[in-house]
Amino acid sequence: MQGIITFKGKEKGLEIYLDERSTYPVLREELMEKLKKNQDFFRDSDTRVVIRGKKLSEAQRKELRRVFSMDFGIRDVIYGDEADLMREAELKIEKPPVKKPEPDEYREEVELVSGAYFDAQSIFINHTVRSGQRIECEGDIVVLGDVNPGGEVIAGGSIAVFGRLRGLAHAGCSGRKDVCVAAVNMCPKQLRLSGRVVTFPDREETGGPEVAEMRDGKVVIRPVSVK
Amino acid sequence: MENVIVITSGKGGVGKTTSTANLGTGLAMQGKKVVLVDTDIGLRNLDVVLGLENRIVYDLVDVVEGTCKLKQALIKDKRYEGLYLLPAAQTRNKMAVAPEQMKELIAELEQEFDYVLIDCPAGIERGFKNAVAGAKSAIVVTVPEVSSVRDADRIIGLLSASGIEDVRLLINRLRPDLVRKGDMLAIDDTLEILGIDLIGVIPEDEMIFRSSNLGEPAVTDKASLAGEAYRNVTRRIMGEDVPMLDLEQKTGFFGRIKRLFSK
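Notes on the structure in this doc start here. In this text, all values refer to a predicted model and were calculated from it rather than measured experimentally. (Residues numbered from 1 in each chain as written. Chains lettered and ligands numbered in written order. Predicted model: local features only at pLDDT ≥ 70, side-chain atom pairs only at ≥ 80, totals over all residues. Heavy atoms only, no water.)

### Here's the deal with the interface of chain B and chain A
Let me state the cut-off plainly: We call two residues in contact whenever any of their non-hydrogen atoms come within 4.5 Å of each other. Accessible surface is computed with a 1.4 Å probe, and the buried area is the amount of it that two parts give up when combined, taken over both parts together. Here, a salt bridge means any Lys or Arg side-chain nitrogen found within 4 Å of an Asp or Glu carboxyl oxygen. Only runs of H or I of at least four residues qualify as helices and only runs of E of at least two qualify as strands under DSSP, and these elements are numbered from the N terminus.
Tallying the contact residues gives 10 residues for chain B and 10 residues for chain A. Of the roughly 830 Å² buried where chain B meets chain A, counting both sides, 38% is carbon and sulfur surface. The interface formed by chain B and chain A contains three salt bridges. Elements with a contribution of two residues or more to the side of chain B that touches chain A: α7 (146-161) and α9 (187-194) of chain B. With five residues, the single largest contributor to the side of chain B that touches chain A is α7(B).

Laid out in structure tokens, this is it:
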């Protein structure tokens, strides 16, 4: 974790550099840690914070801004590219500021989708998830093995179990509805999709691989078929 | 299996101590030098099952704290050449010993003995951590019942997290008649959930109660079916390839008649 976030004091305030190779959740975690440690650094609420490095989506920028203003009382947070724009504007006032292309509807949608998937890391579990073990991931989870009773698999995205699912699986734990739980042998006692909790009847045998997904707000189980 | 084996289960009352006593005695009967280590500090009873209660002077905590030498605390079972017991303290609790200290102690025992069997307490807290600290292999004991199997599953996960990969399953107190009626988990169902190799199946046997009370492990009783199963497990620990007992046949009507006459 060392060095993915660099602090630099500038005459006008503080410059924070976020490592481009790291992912947003990791960076956010590390940033909070560092900020909490150096809280007295920000006594002066006039401090301007410039964030550079990792390209952040609009939603992520908003979140960081909110954190700075709510927790540390800093309202003047700008991002690297904006800062460059501002400097250019300060130097050459006569030149009209570079106009950002107006995002049309299509782009907006692409931005949203990529924002949702870009930072979501998926994990691949190469063993059976046993009782008492809990696997959590913001993205998708693939288990190559069984999920035994008492084991828990919690994903922001979808879950695939290449084995028998008997423990708890929760797909879309942060609210996503476009998720599913697939298992070669689907026999859990309970299944959670997004905000829905469904209980299962006792079934030892299944007809083959099945998928549970949301359809019109209901959880539907269907066999996996090649279409 | 390796020479340092922890016998554990997670759940209490499934037969860890009985199995430790029987397997230890079985190994000694095969001419091995064996030490049984009771790590259930505060709730010791391996000494009772072995009938050695009256000979305890020093215990495991005394050794760890340096009150006595390791040799002084070891109790030699006079009935079987090569069988020793390192008893737990009864008046202390699990916190009296740390996993690092256990590791040192087990390493010392390993020099002296062919096999070190560690009797683990129920639970997954300090006592469990102490018991697995020095172990290289593990035997997980379970009874064919969902709660016990669930705990065994948890234990297998924890063993793997502590770096013990050689883990075998011992199914205890199986009643073939109940399995047949569908009232008890079958061996295959249990194996299917846990997914580890089976080292043996011990049938429910009234002799076990008698032998525990008398302090004479069932493994020494030629007429006991559980004893026979334990003898087989002993040989499997030593690396022999022994076929599983056909409990279905042995517990049937003719099996019982045959057993009656063999006494």
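### Focus: the sheet that holds strand β11 (residues 180-186) of chain A
Residues and elements named next belong to chain A. As a reminder of what qualifies: Whether two strands pair depends on DSSP finding at least two bridges between them. All axes here are fitted lines through C-alpha atoms, helices being fitted over the stretch that makes contact, and every angle between N-to-C directions spans 0 to 180 degrees.
The mixed open sheet is built from six strands, whose spatial order is β5-β7-β9-β11-β14-β15. At either end of the open sheet lies a strand with only one pairing partner, and these are β5 (123-125) and β15 (218-223). On average, each strand axis in the sheet is tilted by 20 degrees relative to the strand beside it, whichever way the strands run. As paired strands, strand β7 (residues 141-143) and strand β9 (residues 159-165) are joined by three bridges and run parallel to one another.

### A look at the packing of helix α1 (residues 24-37) of chain A against helix α2 (residues 58-72) of chain A
All names here are of chain A. As a reminder of what qualifies: For this classification, under 35 degrees means roughly parallel, over 145 means roughly antiparallel, 65 to 115 means roughly perpendicular, and everything else is oblique. Two helices cross in a left-handed way if the nearer one is turned anticlockwise from the farther one by less than a right angle. They cross in a right-handed way if the turn is clockwise. Ten residues, namely Ala, Val, Leu, Ile, Met, Phe, Trp, Tyr, Cys and Pro, are considered nonpolar, four, namely Asp, Glu, Lys and Arg, are considered charged, and the remaining ones, Gly among them, are considered polar.
At a closest axis distance of 12 Å, the pairing of α1 and α2 adopts a crossing angle of 15 degrees. Here α2 runs roughly parallel to α1, going by the angle between their axes. The two elements α1 and α2 meet at a crossing, and its hand is right-handed. Mapping the contact onto sequence places Y24, R28, L31, M32, L35 and K36 in α1 and Q60, E63, L64, V67, F68, D71 and F72 in α2. Class assignment for the residues of the contact of α1 with α2 results in eight nonpolar, one polar and four charged.

### A closer look at unusual backbone geometry
Residues and elements named next belong to chain A. Selection criterion: Under the scheme applied here, a residue whose accessible area is under 20% of the maximum for its type counts as buried, over 50% as exposed, and between as partly exposed, the area being computed with a 1.4 Å probe on protein chains only.
In this structure, S194 is a non-glycine residue whose phi angle is positive, near 55 degrees. Mapped onto the elements of the fold, S194 is located in the loop between β12 (190-193) and β13 (196-199). One non-glycine residue, D216, lies in the positive phi region at around 50 degrees. Along the chain, D216 turns up in the loop between β14 (210-215) and β15. When its relative accessible area of 78% is taken as the criterion, D216 is described as exposed.

### Some thoughts on helix α6 (residues 126-133) of chain B
Residues and elements named next belong to chain B. Among the eight residues in α6, six count as buried, and that is most of the element. Inspection of α6 places G127, F128, N130, A131, V132 and A133 among the buried residues, and these make up the whole buried set. Where α6 is buried, its residues contact β1 (4-8), α5 (99-112), β5 (115-119) and α7.

### A closer look at the side chain of R166(A)
So the rule is basically this: Polar contacts, as counted here, are pairs of nitrogen or oxygen atoms within 3.5 Å of one another; within protein the pair requires one atom able to donate a hydrogen and one able to accept it, and residues that are adjacent in sequence qualify only if both atoms are side-chain atoms.
Looking at the element boundaries, R166(A) is found in the loop between β9 and β10 (168-171). Taking relative accessible area as the criterion, R166(A) reaches 11% and is therefore assigned buried. Among the polar contacts listed, one links the side chain of R166(A) to the side chain of E192(B), at a separation of 3.4 Å. Contacts of R166(A), omitting those with residues within four sequence positions, involve V147(A), N148(A), P149(A), C187(A), P188(A), K189(A), E204(A), E192(B) and I193(B).

### Digging into the environment of F162(A)
All names here are of chain A. Tracing the backbone through its elements, the reader meets F162 in strand β9. Spatially, the C-alpha atoms of F162 and V147 are 9.3 Å apart, while their sequence positions differ by 15 residues. Setting aside anything within four residues of it in sequence, one finds F162 in contact with V142, V143, L144, G145 and V184.

### Remarks on the pairing of strand β2 (residues 13-18) of chain A
Residues and elements named next belong to chain A. Most of β2 sits inside the fold, with five of its six residues counted as buried. Here six bridges tie strand β1 (residues 5-10) to β2, and the two strands are oriented antiparallel to one another. Of the residues in β2, the one forming a bridge with I5 is L18. Strand direction decides the pairing type here: β2 and strand β3 (residues 48-53), joined by six bridges, are parallel. Bridged to L14 within β3 is V49.

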